[in-house]
Amino acid sequence: MIKLYLPSAFKFYTVALILAFTSLNSFSQDIPSDPAAISAGESLFNANCKACHRVHQKLVGPALADVYNRAPSIDWIKAFIKNSSAVIASGDDYAVKLYNEYNKTQMTAFSSLKDDQIMEILAYVKAETDKGPAQAVVKTDAATTGTQGAGASNQYLNVILVGMVIILILLIVILGFLVSALKRFLDQKDLTEEEKEIVHSPISAGSIFQSSGFVFIVVFLVASLGFKTVINTLLSIGVQQGYAPTQPIAFSHKIHAGQYEIDCKYCHTGVMKGKSATIPSVNICMNCHNQIKVGTITGEAEIAKILRAHSENKPVEWVRIHNLPDLAYFNHAQHVNVGGIECQTCHGEIQTMDVVRQQNLLTMGWCIDCHRKTDVNTKGNAYYDKLVELHETATKKKTMKVEEIGGLECAKCHY
Ligand code: HEC
Ligand code: HEC
Ligand code: HEC
Ligand code: HEC
Ligand code: HEC
Ligand code: HEC
């Protein structure tokens, strides 16, 4: 009895195991592996999923590596992507468990994605899964880049100073040797009493202070120190090119605007409609950071400051970087919305900066220089149609510089 029973049980389990394996394999076998599908999947993934998913890293949603083996089936994945709340509402165990695990965060419904597009996304996910996690070590330069330049030149100066001090000491020692050698040499000569007195007269402090060499050195030092202070104060008036203060929260544009490609206008909401670009309030940060509580570089430390500011209802005290004096008027909407100028033209490659740094001088000369060189953006702006026509007949020129619509008039920029 037992003898008969064991092999049959064994057979049953082997068959079940084989079935399980083949069905598992058939999951991933359905997924295309040709390069065309993978690259199509990559762009679909970047456009639709990247905001919340990474392949090897948990973000707002789970890491998608190996998901085709862990989810109930490929069909389940398709259904979930097209309408996750329907799958959750159907009481599907796996979906409900996942949903609770992710604090009931609703995944966007992608009803417009076709089945083969989803297979392309999975093809990309599978290709990345097979590659294994990349050594995606982001350099921890968040806090240091802003000061690196200054730090380097300071070190350089220190080396020069130490070198000069060593050379000075060497010179004194050599001079000392020379003096005593000379004295010994003179002692061997036949000198008059008067001459001997001069040779052996002690070097007194008074004689040093009175020497013209000493006076020259003192005057030189005082003058150059004074000159340096004057230059420094001059530099700090108005002109702040390169100014990059440390902020109360180590917010990085390189991560948000660069790596995650969040649009500048998502945070700087005033830029299209008003004078001021505006700095985002904590509420805008909380749209994402009520989910994302840990950063790759700074861990919980920096994001915790957002959460604290939010719960205490206190604004974050960001240090203002770009700042014109009160006498000048600058309007963002005029330049960005009407003029069609990119942020980067005036602010530099912000999306590559961990710490924002003022790129341009922001002097009157800078504004005027651009107004002289830049054509007015008249395309699709009915307001300018008449003006351009008049301008063309009057000057026979196709383009119209900002200068020619009054961009150099004092009152346009000064209150
Ligand atoms: C708004 C954020 C968001 C977007 C965008 C998003 N997801 Fe999700 N996704 C989630 C969350 C959160 C979960 C966890 C389940 C839940 O809470 O509903 C999830 C779960 C999943 C799962 C199940 C994972 C598992 O471990 O079984 C798959 C598969 C998935 N998403 C694929 C995609 C694909 C493909 C896209 C792009 C077409 C996408 N998601 C876009 C947030 C998102
Ligand atoms: C996720 C929100 C967010 C996004 C996206 C974002 N910024 Fe910012 N930006 C901030 C915050 C917060 C500050 C203030 C802290 C700082 O200076 O780093 C700031 C500061 C700045 C400043 C300096 C302001 C001052 O004090 O003079 C400039 C210029 C700027 N951003 C330009 C940009 C540009 C250009 C982009 C798009 C490439 C962009 N930002 C995208 C949040 C954002
Ligand atoms: C549209 C979504 C979004 C918004 C809005 C947003 N963040 Fe983030 N933030 C992210 C993502 C994604 C990360 C990356 C998490 C990681 O490092 O994996 C992040 C990371 C961070 C980090 C940690 C960086 C690290 O790697 O250690 C800080 C600090 C931070 N954000 C501050 C802010 C502040 C301040 C605001 C508001 C001005 C803001 N964020 C708005 C999405 C957002
Ligand atoms: C024509 C040049 C120019 C362009 C283009 C420009 N800015 Fe500015 N930006 C300035 C100047 C000048 C200031 C200082 C304004 C002041 O002090 O009144 C400034 C200040 C800022 C500030 C801080 C003060 C404020 O206004 O809230 C932010 C943030 C900012 N800009 C973001 C942006 C973003 C984002 C864009 C693109 C959508 C952009 N800027 C496009 C010239 C420009
Ligand atoms: C990168 C080039 C550029 C820089 C730098 C620049 N501007 Fe302009 N500015 C423009 C353009 C282009 C227009 C025309 C926009 C339009 O189509 O009305 C303009 C228009 C203006 C106008 C409206 C002029 C009018 O007659 O309607 C004012 C005022 C102005 N700028 C002030 C400033 C100030 C102040 C600064 C310096 C802080 C500055 N701009 C820097 C390109 C620039
Ligand atoms: C395109 C804009 C623009 C126009 C046009 C313009 N200015 Fe200015 N002006 C500025 C800006 C911006 C500043 C502040 C520059 C700074 O901080 O160095 C400034 C500063 C000044 C200052 C203070 C100088 C200083 O160093 O503090 C004077 C005076 C001045 N302008 C006079 C004029 C006169 C007079 C005209 C007309 C002939 C004129 N401006 C036209 C933008 C303009």
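None of these values were measured; they are calculated from a predicted model.

Chemist: Could you give an account of the overall build of the chain, naming the residues involved and the relevant values?
Modeler: Per the secondary structure count, the chain includes 20 helices and zero strands. Going through the 415 residues of the chain one by one, you find that 12% of them count as buried. Of all intrachain contacts in the chain linking residues separated by at least 6 positions in sequence, the fraction that spans at least 24 positions is 70%.

Chemist: How would you summarise the environment of Cys264 if you had to cite specific residues and measurements?
Modeler: Examined against the element boundaries, Cys264 turns out to sit in helix 13 (residues 264–267). Considered as a pair, Cys264 and Gln351 are 87 residues apart in the sequence and their alpha carbons are 9.0 Å apart. Once you skip the residues sitting within four places of it in the chain, Cys264 turns out to touch Ala257 and Cys343.

Chemist: With reference to specific residues and values, describe the site of ligand 1.
Modeler: In the vicinity of ligand 1 there are 24 residues, among which Cys49, Cys52, Gly61, Tyr102 and Met107 approach most closely. The dominant element in the shell around ligand 1, judged by the number of residues it contributes, is helix 4 (residues 74–82), at three residues. Its residues placed into classes, the shell around ligand 1 shows 17 nonpolar, six polar and one charged.

Chemist: I'd like a description of the site of ligand 2, backed by residues and values.
Modeler: Ligand 2 sits among 21 residues. The nearest are Cys264, Cys267, Ile321, His322 and Cys343. Of all the secondary structure elements, the ones that give two or more residues to the shell around ligand 2 are helix 12 (253–259), helix 13 and helix 17 (343–347). Along the lines of polarity and charge, the residues of the shell around ligand 2 split into 13 nonpolar, seven polar and one charged.

Chemist: Could you give an account of the nonpolar core, naming the residues involved and the relevant values?
Modeler: Ile121, Leu122, Ala123, Tyr124 and Val125 are the most contacted members of the largest nonpolar core, which totals 22 residues. A per-element tally of this core places helix 7 (residues 115–131) first, with seven residues. In contact with Val125, not counting residues within four places along its chain, are Val55, Leu64 and Val67.

Chemist: Let's hear about the packing of helix 2 (residues 35–48) against helix 7: which residues, and what values?
Modeler: Where helix 2 contacts helix 7, the axes come no closer than 7 Å and their chain directions differ by 100°. Judged by the inter-axis angle, helix 2 sits roughly perpendicular to helix 7. Taking contact as the criterion, the partners of Ala37, Ile38, Ala40, Gly41, Glu42, Leu44 and Phe45 in helix 2 are, on helix 7, Gln117, Glu120, Ile121, Ala123, Tyr124 and Ala127. Looking at the contact of helix 2 with helix 7, its residues break down into nine nonpolar, two polar and two charged.

Chemist: Can you tell me about the confidence of the model for the chain, naming the residues and giving the values?
Modeler: Per-residue pLDDT for the chain has a mean of 81; in total, 82% of the residues score no lower than 70. For the chain, the element scoring lowest by mean pLDDT is helix 1 (residues 2–29), at 48; helix 17 scores highest, at 94. Taken as a whole, residues 14–26 scores under 50 in pLDDT and shows one contact with residues more than four places along the chain or in a different chain. Throughout residues 136–152 the model reports pLDDT below 50, and contacts reaching past four residues in sequence, or to other chains, amount to 16 contacts.

Chemist: Please provide a residue-by-residue account of unusual backbone geometry, values included.
Modeler: The phi torsion at Glu261 lies on the positive side, around 50°, for a residue other than glycine. One can find Glu261 in the loop between helix 12 and helix 13. Positive phi outside glycine occurs at Thr278, with the angle close to 65°. One can find Thr278 in the loop between helix 13 and helix 14 (282–289).

Chemist: Could you give an account of the packing of helix 14 against helix 15 (residues 301–312), naming the residues involved and the relevant values?
Modeler: Between helix 14 and helix 15, the shortest axis-to-axis distance is 10 Å and the interhelical angle comes to 120°. Considered as vectors, helix 14 and helix 15 are oriented oblique to each other. As for how helix 14 packs across helix 15, the hand of that crossing is left-handed. Mapping the contact onto sequence places Val282, Cys285, Met286 and His289 in helix 14 and Ile303, Ile306, Ala309 and His310 in helix 15. Looking at side-chain class alone, the contact of helix 14 with helix 15 contains six nonpolar, two polar and no charged residues.

Chemist: A description of the environment of Met107 should follow, citing residues and the corresponding values.
Modeler: Along the chain, the position of Met107 falls in the loop between helix 6 (93–101) and helix 7. Judged by local crowding, Met107 falls into the buried class, with 20 C-beta atoms found within 10 Å. Separated by 23 residues in sequence, Met107 and Ser84 place their C-alpha atoms 6.5 Å apart.

Rules used in this analysis
- Residues numbered from 1 in each chain as written.
- Chains lettered and ligands numbered in written order.
- Predicted model: local features only at pLDDT ≥ 70, side-chain atom pairs only at ≥ 80, totals over all residues.
- Helix = DSSP H or I, 4+ residues; strand = E, 2+ residues; numbered from the N terminus.
- Buried ≥ 20, exposed ≤ 12 C-beta atoms within 10 Å, placed from the backbone.
- Contact = placed C-beta atoms within 7 Å.
- Near = placed C-beta within 6 Å.
- Nonpolar A, V, L, I, M, F, W, Y, C, P; charged D, E, K, R; others polar.
- Core = buried A, V, L, I, M, F, W, Y, C linked by C-beta atoms within 7 Å.
- Axes fitted to C-alpha atoms, helices over the stretch in contact; angles between N-to-C directions.
- Parallel < 35°, antiparallel > 145°, perpendicular 65-115°, else oblique.
- pLDDT = per-residue confidence, 0-100.
- Left-handed = near helix turned anticlockwise from the far one by under 90°.

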